[in-house]
Each structure stands twice: as structure tokens, then as C-alpha cells.
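Tertiary structure, described
The primary structure of each chain is shown beneath.
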Amino acid sequence: MSVIEHKEFNGHEQVVYFNDEKTGLKAIIAIHNTNLGPALGGCRVWDYAHEDEALEDVLRLSRGMTYKAAISGLPLGGGKSVIIGDSKKIKTPELMQAMGRSVERLAGRYIIAEDVGTCVEDMLEIRKETKNVVGLPAIGDGKAGGDPSPLTALGTFEGIKAAVKHRLGKDSLNGIKVSVQGVGHVGAYLCRMLSEAGAELFITDINQEQLEQIKSETGATIVGLDEIYDLDVDVFAPCALGAIINDDTLDRLKVTIVAGSSNNQLKEDRHGQILKDRNVLYAPDYVINAGGLINVYYEQQAKISGKNGGTGEARVHIMSIADTLNEIFALSDKENIPTNVAADRIAEKRLQNINNVVDIDRKAC
Ligand code: NAD
């Protein structure tokens, strides 16, 4: 398959394949855009059926990171990496170190972090080979870093509150019914916050143990994996898989709001228009789930300056996700466009403004 002609290529700056015979590492690093800064994005370890699937995933995810950084007001570019294989079978310290050497070869153009299938311990192995890694354990009072999931959940929680206020006119989540698909790292923290705010929860996951744990903590009702799409609730919060808003699920959804942490929730962009036509308010995924990225940005800044701190600034920045969503909802209402299109417009405007500055600088040389 030609990479440059791939339907998801979308003007990527660089796509690099890495192969390490000794450790079995097979990885792709995609750098979509570095206009705003170095490309920062997580490393996903996934048992892709075929290399083409891995390529499509990394291209889509890295473009999403460009938009996520731009709309979140961060001086970062968009990139992502994937390692092909089942994380439970292939991950060894040596394999993660080989991934670290791959990142190092990109000389700071790509900064790696956690994603599905990787954790803080993996980042520590990567750190042995490169400084271009974030999501390391937080050391010292108030220092940003560590598992980004709690802060991704915080941003998602604030985003759900903004969506509920905009669509249902309610200042509180008390009594609001929320279905959560996936109670893993982000979903679990989100459920705890929602429960504390008085929301009524309906949860599903393939991991029974985790489901029981969250049920015991929050009093949530456990529902079937497929049943989640048919529930008559206010908010559907996808926190597991991508592409779950598609032609099959759309006809089943009875919710008023879709707002969750998963990346690439819309199978295709046109599904955003269908949600709008059905009067469902969609909080664009890369906006509402930016909390983890914002947190690792402050971790990186603290590292560069050699100072402690970062968590306070990260939390303040994450609270502004609600303002960004309100701007998107307002643009969507004013222009009568789907929220995913409104979000893209705002992100592209920011990238465009930077391009103009770069062009002026080039002319001056
Ligand atoms: P995770 O792997 O910890 O959790 C995902 C959960 O989904 C797991 O408990 C898994 O068992 C469950 N799951 C898998 N298949 C399922 C299915 N068919 N139905 C229901 N549940 C299923 O991942 P996470 O870190 O919590 O991330 C969740 C989502 O949020 C992912 O899409 C991720 O890309 C996105 N995200 C995460 C972060 C972060 O900080 N962790 C940041 C931004 C976006």
C-alpha cells in the first residue's frame, strides 16, 4: 500500500517504519504537522490484523493530535506511534527500549507518551534511550506527569457538564443519566466524578472484574456490551473504542448528548452531520479528551525549566475545555454546521494563522 496515496495521508510530514529483529519491534511513527511545535502523541500497542490497519490507525490518530494541540492552545504538533502486536504478549523492557531508540532517531521532532496498551513503566523503559518522552511518574509536590488518565477524565467531565448546560439548560449533573462504554483508565475516573456529581450511571466493559469494581464504588447499573447503544439516557460517553458512531449504531441511539474520551468516535465525518440532524449534541472527541495532552505538555515544560509544579497550571488549562466546547457549540448553532466541522474550523484557523506567520518570516529572510 502506498503511504502517500493513502486516503488518511492528509499531508503528513513524515511517516517512518521501524523494525528491530532482536526484540520483535514492528512500529510506525507518524508525524502529521509540526507547525506549532514538536509532534507529541501517544504510543498504541495493538494486535492489528494487518499492517495496513496499523497504518490507517496511526495516520488518523496523528492528524487528530495536530487538531487537538491546536484547538487546546498548545504549542505542539501532531504525531502518534503504533507498535504492532498484542500488548500482553509482545511487551518486554527490551522492546520498549528499542522503541525509545526509534524515537531518538527522530531527533526531537516526535515526543512519545502513553496510549492504549502502554503505561508509565513502558515510558520509563523508553526514557533509557531518549529524552523525548513524557507521561513519566510525577516526582515532587504538584509536579505534572504520571498517568494522564485522571486529567483526561477531568476534561471529559467538564465537557459533559458544558454539553448538559448547553443542550439541557441544567447547571448540575444531579439526576442526569449517563451511559459509559469502557471503564478502563479514563472511564473509571470519569464514573467516580459523575457519581459524585449525582449522575445515574449505566456501564459496560469486556472486563467483568473492573465493571464490578466500578459498580461497587458508584452504584452504577451494569449493561450488556451491545445493549449500551439502546439505552434511553441523556448522555452517551464512549470511553473504549473508536468508530462507534456509525450507520449501525446511529439508528439505535436515543441520547441527547454524545460526550466521551474515546478517540475517533465518528466512523466518518458525515456521521457528525447525522447526529446534528437528529438533534444530538456531539462534543468533538479531540476537544473533550485533551486533558491528558494538556497535562503532559505541562510535564514537559516543568522538565525543560527544571522546576517542580505543573499540575496546578494543567488543571486550570483543562478547565478551559468547557469554554472551547461552548465556542464550538455557539459556532455550530450560528453557522448551522455539525460540531465536528465547527471544531475543525477553529483548529484550522489557528494552524492557518501560524502558517501565515511562518510565511512572513520566510519572506523576510
Ligand atoms: P483503557 O484501555 O484503560 O480502557 C478501555 C476500556 O475499554 C478497557 O477497560 C477495556 O476492557 C474496555 N473495552 C474494550 N473493548 C470494549 C468493548 N467492545 N466494549 C466495552 N468496553 C470495551 O484505555 P483508556 O486509557 O481508558 O482510554 C479510553 C479511550 O480514551 C481510548 O479510546 C483512548 O484512546 C482515549 N483517550 C485516552 C487518554 C488517556 O489519558 N488515557 C487520553 C485521550 C484519549
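Summary of the structure given here.

Calculation notes
Here the residue index of a chain counts from 1 through its sequence in written order. It should be noted that, the model being predicted, local features are given only for residues of pLDDT at least 70 and side-chain atom pairs only at 80 or more, the latter also being counted only at that level, while totals for whole chains, interfaces and linings use all residues. As a rule here, side-chain values cover all heavy atoms of the structure and leave hydrogens and water aside. Strands here mean DSSP runs of E at least two residues long; helices mean DSSP runs of H or I at least four residues long; both are numbered from the N terminus. Just to be clear, the radius of gyration here is over C-alpha atoms, and the globule rule we use is 2.2 Å times residues to the power 0.38. Think of it in three bands: with a 1.4 Å probe and only protein chains considered, a residue is buried below 20% of the maximum accessible area for its type, exposed above 50%, and partly exposed in between. Every axis in this analysis is a line fitted to C-alpha atoms, fitted for helices over the stretch in contact. Angles between the N-to-C directions lie between 0 and 180 degrees. Should an angle fall under 35 degrees it is called roughly parallel, over 145 degrees roughly antiparallel, and 65 to 115 degrees roughly perpendicular, with every other angle called oblique. Left-handed describes a crossing whose near helix is turned anticlockwise from the far helix by less than a right angle; the clockwise case is right-handed. When checking whether two residues touch, look at their non-hydrogen atoms; a contact exists if any pair is within 4.5 Å. One fewer than the residue count of a helix, multiplied by 1.5 Å, yields its expected span. By definition, two strands form a pair when at least two bridges between them are found by DSSP. Whether a residue is near a molecule or strand depends on its heavy atoms: if one lies within 4 Å, it is near. Nitrogen and oxygen atoms within 3.5 Å of one another constitute a polar contact, given that in protein one can donate a hydrogen and the other can accept it, and given that sequence-neighbouring residues count only through two side-chain atoms. Working definition of accessibility: Shrake-Rupley area with a 1.4 Å probe, residue cover restricted to the visible protein chains.

So, the overall build of the chain
The secondary structure content of the chain amounts to 14 helices and 11 strands. The C-alpha atoms of the chain give a radius of gyration of 20 Å, which matches the 21 Å a tight globule of 365 residues would have. Along the first, second and third principal axes, the C-alpha atoms of the chain reach 50 × 50 × 45 Å. With 365 residues in all, the chain has 53% of them scored as buried.

Re the packing of helix H3 (residues 93-105) against helix H4 (residues 120-127)
The contact between H3 and H4 brings their axes to 7 Å, and the two run at 60°. Between H3 and H4, the angle falls in the class oblique. For the crossing formed where H3 meets H4, the hand is right-handed. On H4, the residues that touch Pro93, Met96, Gln97, Met99 and Gly100 of H3 are Asp122, Glu125 and Ile126.

Topic: helix H5 (residues 149-168)
In this model H5 runs 27 Å from its N-terminal to its C-terminal C-alpha over 20 residues, within 8% of the 28 Å that 1.5 Å per residue would give. Two residues or fewer after H5 comes glycine 169, characterised by a positive phi angle close to 70°.

Regarding the sheet that holds strand S3 (residues 39-46)
The strand order across the open sheet formed by 5 strands is S1-S2-S4-S3-S5, and the pairing between neighbours is mixed. If you trace the sheet from one side to the other, it starts and ends with strand S1 (14-20) and strand S5 (110-114), each paired once. Put simply, the sheet's adjacent strands are angled 25° from each other on average, direction ignored. The pairing of S3 with strand S4 (residues 77-84) spans 6 bridges and is parallel. Residue cysteine 43 lies in a different strand from S4, and its bridge partner there is serine 81. Lying over the sheet, helix H1 (residues 51-71) contacts S1, strand S2 (25-33), S3 and S4, oriented at roughly 155° with respect to S4.

Points about the site of the ligand
Around the ligand lies a shell of 23 residues, among which Thr152, His185, Val186, Asp205 and Asn263 are the nearest. At a separation of 2.6 Å, an oxygen atom of the ligand approaches a polar side-chain atom of histidine 185. Contact distances for the ligand include 2.6 Å between an oxygen atom and a side-chain N or O atom of aspartate 205. Calculation on the ligand without its partners gives an accessible area of 830 Å², and the protein chains cover 81% of this total.

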